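Structure assessment
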Amino acid sequence: MAPAAQPTSTTYSIAAIPADGIGPEVIDAGIEVLTALADMLKSFKLEFTHYDWSSETYKKTGKYIPSGGLEQLRKHDAIFFGAVGAPDVPDHISLWGLRLAICQPFQQYANVRPTRVLPGVQSPLRNCRPGDLDWVIIRENSEGEYAGQGGRSHRGCAWETATEVAIFTRHCITRIMRFAFETARKRPRKLLTVVTKSNAQRNGMVLWDEVAAEVATEFPDVAMDKMLVDAMTVRMVQKPESLDTIVATNLVSRGNGQTGTLRDDTDAHQHQHADILSDLAAALAGSIGIAPTSNLDPTRQNPSMFEPIHGSAFDITGKGVANPVATFWTAAEMLAWLGEEEASTLLMESVGSICARRIVTPDLGGSATTKEVTAAIVNDLRGSLGKVASV
Ligand code: ATP
């Protein structure tokens, strides 16, 4: 008799790029947890391919990504990224050489940052009750204020001139608005806040508002409101419970399609700007050590990239105290994007349970090490999966 057919499980191919600083420590932790979860669930498999692209590689070879590297990367289902940045490499070189050199050609035009206060974590907002702060911030990741248009002339002269031209196209606004409305539609509140500055920026931002209003008609079940970016910072602090899904223009990445080349020293200046709203959001949620980001190509023609918000954090590199929670949350976002919703939910439940039990690193006021938090998550997963199995 022929053996009974075994249920087939999907295998996902993941590119791991730990890169610099605490990147390798947190990505190792993330892979350990993901592998344990896949082994326990048995409904899918994960195959990791490691890329040693980092500032060390750049210093040795002059390149972050070797020739043909992007073609290799394109074959994976997702990219699990650590952090890039080294004290002896200027930030604009490292960002453009590695991270943005992937985001731009892979058309990862939606930057998604879920933010909420995890159990046991204290928000700096005195009156913020559990559940009050639960947002998804979506940032247009391919054009906008820093589209790379502009330049400098007459250097050193009294009439030296510099221009920055913000780029807004109907195509790119429409695609990010549709993505934002679809995200809002999947959340219980069905509320999208469109952040703008159309009172002062009367061309690009007016087009932004107009396209938002047009796309809104395709989503009658989603309520939309509009906020000027300055007023938005006040609302985030004073009425966090009044917000849900937020869409804003790009304040960090630039969309000129260059891969790792530095045009002139204005690039260095541009990357010193922070993305104001999502940095504020991460701080309001308790620590930069817990916040995840996804750089998505919603068309799924290219792999999307998942990374913790934090950078390389050289002050704590090698000390074993990096908070791995941002990477675990990032891993959960990656699983959800791959279609493994159950695994994603289980992982976030374990993260919540560990935080509630205060098994946390020093940035959250605890004394646990990266390895202890990782082991605690694996144990918790084992416990909760054991419970599921015995029901
Ligand atoms: P980069 O220049 O690569 O962005 P950075 O060190 O300037 O790196 P971040 O790494 O984003 O900036 O973080 C700033 C500080 O926050 C760090 O110096 C570190 O003290 C703390 N920090 C960041 N990530 C973590 C983490 N995962 N766990 C604990 N502390 C963290």
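Predicted model only: the values in this text are computed from it and were never measured. (Residues numbered from 1 in each chain as written. Predicted model: local features only at pLDDT ≥ 70, side-chain atom pairs only at ≥ 80, totals over all residues.)

**Remarks on helix H5 (residues 170-186)**
For H5, which comprises 17 residues, the first-to-last C-alpha distance of 24 Å matches the rise-based estimate of 24 Å (1.5 Å per residue) to within 8%. The complete set of buried residues in H5 reads Cys172, Ile173, Arg175, Ile176, Met177, Ala180, Phe181, Thr183 and Ala184. Contacts from the buried residues of H5 go to strand E4 (110-116), strand E5 (134-140), strand E8 (191-196), helix H6 (204-216) and strand E10 (245-248). (Helix = DSSP H or I, 4+ residues; strand = E, 2+ residues; numbered from the N terminus. Expected span 1.5 Å × (residues − 1). Buried ≥ 20, exposed ≤ 12 C-beta atoms within 10 Å, placed from the backbone. Contact = placed C-beta atoms within 7 Å.)

**Describing the pairing of strand E3 (residues 78-83)**
With six of six residues buried, E3 is to be regarded as a mostly interior element. Note: strand E1 (residues 10-19) against E3, five bridges, orientation parallel. When the sheet's bridge partners are listed, Ile17 is paired in E3 with Phe81. (Pairing = 2+ DSSP bridges.)

**What to know about the pairing of strand E11 (residues 292-296)**
Burial runs high along E11: five of the five residues are buried. Judged by which residues are buried, E11 turns out to be covered on both faces: Pro292, Ser294 and Leu296 on one side and Thr293 and Asn295 on the other are all buried. For E4 and E11, the ladder comprises three bridges, and the chain directions are antiparallel. Bridged to Ala110 within E11 is Leu296. Note that E11 and strand E12 (residues 304-308) share four bridges and pair antiparallel. Bridging across to E12, Asn295 finds its partner in Met305.

**Description of the domain arrangement of the protein chain**
Where the parts come together, the accessible area they lose is often given as the size of the interface. Looking at the protein chain, the domain boundaries give domain 1 (7-108 + 305-390) and domain 2 (123-146 + 164-253 + 271-285). Computed from C-alpha atoms alone, the centre-to-centre distance between domain 1 and domain 2 is 26 Å. Taken together, the contact pairs seven residues of domain 1 with four residues of domain 2. Tallied by class, residues from the side of domain 1 that touches domain 2 come to four nonpolar, two polar and one charged. (Domains from an automatic or database assignment. Nonpolar A, V, L, I, M, F, W, Y, C, P; charged D, E, K, R; others polar.)

**Some thoughts on the sheet that holds E5**
Picture the strands of a sheet paired through backbone hydrogen bonds; they go either parallel or antiparallel. As summarised here, the arrangement of the ten strands in space is E2-E1-E3-E12-E11-E4-E5-E10-E8-E9, forming an open sheet in which the pairing is mixed. For this open sheet the edge positions go to strand E2 (44-50) and strand E9 (223-228), each flanked by a neighbour on one side alone. Neighbouring strand axes in the sheet, compared pairwise and without regard to direction, differ in orientation by 25 degrees on average. Where H6 meets the sheet, its contacts fall on E8 and E9, and the angle it forms with E8 comes to roughly 165 degrees. (Axes fitted to C-alpha atoms, helices over the stretch in contact; angles between N-to-C directions.)

**Points about the confidence of the model for the protein chain**
Here the protein chain averages 89 in pLDDT, while 90% of its residues score no lower than 70. Contacts of residues 252-274 to residues separated by more than four positions or lying in other chains number 46 contacts, the stretch itself having pLDDT below 50. (pLDDT = per-residue confidence, 0-100.)

**Some thoughts on the packing of helix H1 (residues 23-41) against helix H10 (residues 325-338)**
Viewed as axis vectors pointing N to C, H1 and H10 meet at an angle of 50 degrees, and their least axial separation amounts to 9 Å. Between H1 and H10, the interaxial angle falls into the category oblique. Between H1 and H10 the crossing geometry is right-handed. Side by side, H1 and H10 meet where Val26, Ile27, Ala29, Gly30, Val33 and Leu34 of the first sit next to Thr327, Phe328, Thr330 and Ala331 of the second. Taken together, the residues of the contact of H1 with H10 sort by class into seven nonpolar, three polar and no charged. (Parallel < 35°, antiparallel > 145°, perpendicular 65-115°, else oblique. Left-handed = near helix turned anticlockwise from the far one by under 90°.)

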